[in-house]
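Chain by chain, the residues:
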Amino acid sequence: MANKPEKFIDENGLRLDGRAVDEMRPMTIEIGVLSRADGSCYLEWGKNKILAAVYGPRELHPRRMQKPDEAIVRYRYNMAAFSVEDRARPGPSRRSIEISKVSRDAFAPIIMTKYYPSAVIDVFAEVLQADAGTRTAAINAASIALADAGIPMKGLISACAVGKVDGQLVLDLSKDEDNYGNADLPIAMTQDGEISLLQMDGNLTKEEFKKALEMATEGCRQILEIQKEALKKKFESHEEVVKSLV
Ligand code: UDP
């Protein structure tokens, strides 16, 4: 692990990677990258690299696990062994089980499960390269993969983290800021601003918490635009195919 930097924010108010305190790392989204999945997405966010795949809705086996009036959603967050500096131990860990659970719950307000009784929708989020913020990056990718799979949803979910370094709130923590910072607050929300995931490490005052929520809301708004733009690009190209057929 790198040594703790002396200062995280310089005299010009810029962070170690040159970003302003309210600036996100660049994000790129590619849709439909896996031919065997019903929906998929490859997302890069700074140095984070995430692959999300969605399978379903399909009949759930064993049958005793089925819900007769709606589909169940399963979400698996996984870090590849080679995704971090010290090799990640393959298989589920307490951390990945927790992240999978809260991430699945983050989609509860939008996935219209009632349309698919007795079915299952499987979401896989594979972290290929990690650099802090992987749970939020995975949620952003999963949201797009679900849309690509044609799962009926009330909207998209967008997620980002706000943290505190050198006593200042910063949007979208980098690895060093996450490791040595004073707080980390990952948040996911619907496009109407309903919070569907909120976790917190460290300490914030009431005022800081309020400001952090505002910063995260603005971050999620920016991510939503990037997500919508990526979907629009894919949808528009489909529209052209459809037009050429009729
Ligand atoms: N990390 C790591 N090994 C692990 C877990 C995490 O090196 O087993 C790194 C990784 O870069 C991750 C960061 O620590 O992105 C922050 O992890 P955290 O648990 O805060 O989750 P995240 O911010 O990725 O959602």
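Here's a quick rundown of the structure. (Residues numbered from 1 in each chain as written. Predicted model: local features only at pLDDT ≥ 70, side-chain atom pairs only at ≥ 80, totals over all residues. Heavy atoms only, no water.)

## A word on the site of the ligand
Here's step 1: Taken together, Met79, Val84, Arg95, Ala130, Asp131, Ala132, Gly133, Thr134, Arg135, Lys175, Asp178 and Asp184 make up all the residues around the ligand.
Here's step 2: At 2.8 Å, a side-chain N or O of Arg135 approaches an oxygen atom of the ligand.
Here's step 3: Separating an oxygen atom of the ligand from a side-chain N or O atom of Asp178 is a distance of 3.4 Å.
Here's step 4: Relative to its unbound accessible surface of 500 Å², the ligand loses 76% to contact with the protein.
Here's step 5: The site holding the ligand turns out to be the largest pocket.
Here's step 6: Going through the elements one at a time, α2 (134–148) and α3 (175–180) are the ones with two or more residues in the shell around the ligand.
Here's step 7: Of the residues that constitute the shell around the ligand, the class distribution is four nonpolar, two polar and six charged. (Near = heavy atom within 4 Å. Polar contact = N/O pair within 3.5 Å; in protein donor to acceptor, adjacent residues only side chain to side chain. Areas by Shrake-Rupley, 256 points an atom, 1.4 Å probe, with all protein chains shown as cover. 1 Å grid on protein atoms, 1.4 Å probe; cavity = no way out; pocket = protein on both sides within 12 Å on 5 of 7 lines; lining within 4 Å. Sits in = over half its atoms within 2 Å of the grid points. Helix = DSSP H or I, 4+ residues; strand = E, 2+ residues; numbered from the N terminus. Nonpolar A, V, L, I, M, F, W, Y, C, P; charged D, E, K, R; others polar.)

## Things to note about unusual backbone geometry
Leaving glycine out, the prevailing phi sign among residues is negative, and the prevailing peptide bond configuration is trans.
Here's step 1: Residue Pro57 is reached from Gly56 by a cis peptide bond, and omega for that bond is 0°.
Here's step 2: Of note, Pro57 is situated in strand β3 (residues 48–59).
Here's step 3: Of the consecutive residues His61 and Pro62, the connecting peptide bond is found in the cis state with omega at 0°.
Here's step 4: Turning to its location among the elements, Pro62 is positioned in the loop between β3 and β4 (72–79).
Here's step 5: Although it is not a glycine, Ser118 adopts a positive phi angle of roughly 65°.

## Some details on the packing of aromatic side chains
Here's step 1: In total, this model carries two aromatic pairs according to the counting rule given.
Here's step 2: Each ring, one from Tyr75 and one from Phe107, has its centre 6.2 Å from the other, and the planes form 25°; the classification is stacked. Of this pair, Tyr75 sits in strand β4 while Phe107 sits in the loop between α1 (94–106) and β5 (119–129), and the two are 32 residues apart along the sequence. With respect to burial, Tyr75 and Phe107 carry one shared label: buried. (Phe/Tyr/Trp six-rings, centres within 6.5 Å; stacked < 30°, edge-to-face > 60°. Buried < 20%, exposed > 50% of the residue type's maximum accessible area, 1.4 Å probe, protein only.)

## Some remarks on α1
Here's step 1: Between its terminal C-alpha atoms α1 stretches 18 Å, which fits the 18 Å expected from 13 residues at 1.5 Å a residue.
Here's step 2: The complete set of buried residues in α1 reads Ser96, Ile99, Ser100, Val102, Ser103 and Ala106.
Here's step 3: In this structure, the buried side of α1 is in contact with β4, α2, β6 (157–165), β8 (183–190) and β9 (195–198). (Expected span 1.5 Å × (residues − 1). Contact = heavy atoms within 4.5 Å.)

## Observations concerning the side chain of Arg19
Here's step 1: One can find Arg19 in the segment before β1 (27–31).
Here's step 2: What Arg19 contacts, discounting residues up to four positions off in sequence, is Gly13, Leu14, Met24, Arg25, Leu171, Asp172, Leu173, Ser174 and Glu177.

## Structural notes on the state of the cysteines
Here's step 1: Applying the stated rule across the entire model yields zero disulfides.
Here's step 2: A disulfide-free cysteine, Cys41 has its sulfur positioned 16 Å from the sulfur of Cys220, the nearest such atom.
Here's step 3: Free cysteine Cys160: the closest other cysteine sulfur is in Cys220, separated by 3.9 Å.
Here's step 4: Cys160 sits in the buried class, given a relative accessible area of 0%. (Disulfide = S-S within 2.5 Å.)

## Regarding the layout of surface pockets
Here's step 1: Of the volumes computed, that of the largest pocket is approximately 900 Å³.
Here's step 2: If you trace the largest pocket, you find 36 residues lining it, with Met79, Arg95, Thr134, Arg135 and Asp178 closest to the centre.
Here's step 3: Sorting the residues of the lining of the largest pocket by element identifies β4, α1, α2, α3, β8 and β10 (201–202) as the ones contributing at least two each.
Here's step 4: For the lining of the largest pocket, the per-class residue count stands at 13 nonpolar, twelve polar and eleven charged. (Points joined across faces, edges and corners; volume = space filled by probe spheres on them.)

## Description of α2
Here's step 1: The end-to-end C-alpha distance of α2, which contains 15 residues, comes to 21 Å, matching closely the 21 Å that a straight helix rising 1.5 Å per residue would cover.
Here's step 2: Within α2, 13 of the 15 residues are buried, which leaves the element mostly enclosed by the surrounding structure.
Here's step 3: Of the residues one or two after α2, Gly150 is the one with positive phi, at around 75°.

## Topic: the sheet that holds β3
In a beta sheet, neighbouring strands are held together by backbone hydrogen bonds and run either parallel or antiparallel to one another.
Here's step 1: Strand order in this open sheet of five strands is β1-β2-β3-β5-β4, and the pairing throughout is mixed. At either end of the open sheet lies a strand with only one pairing partner, and these are β1 and β4. Neighbouring strand axes in the sheet, compared pairwise and without regard to direction, differ in orientation by 15° on average.
Here's step 2: In the sheet, β3 pairs with β5 via nine bridges, with the strands oriented antiparallel. (Pairing = 2+ DSSP bridges. Axes fitted to C-alpha atoms, helices over the stretch in contact; angles between N-to-C directions.)

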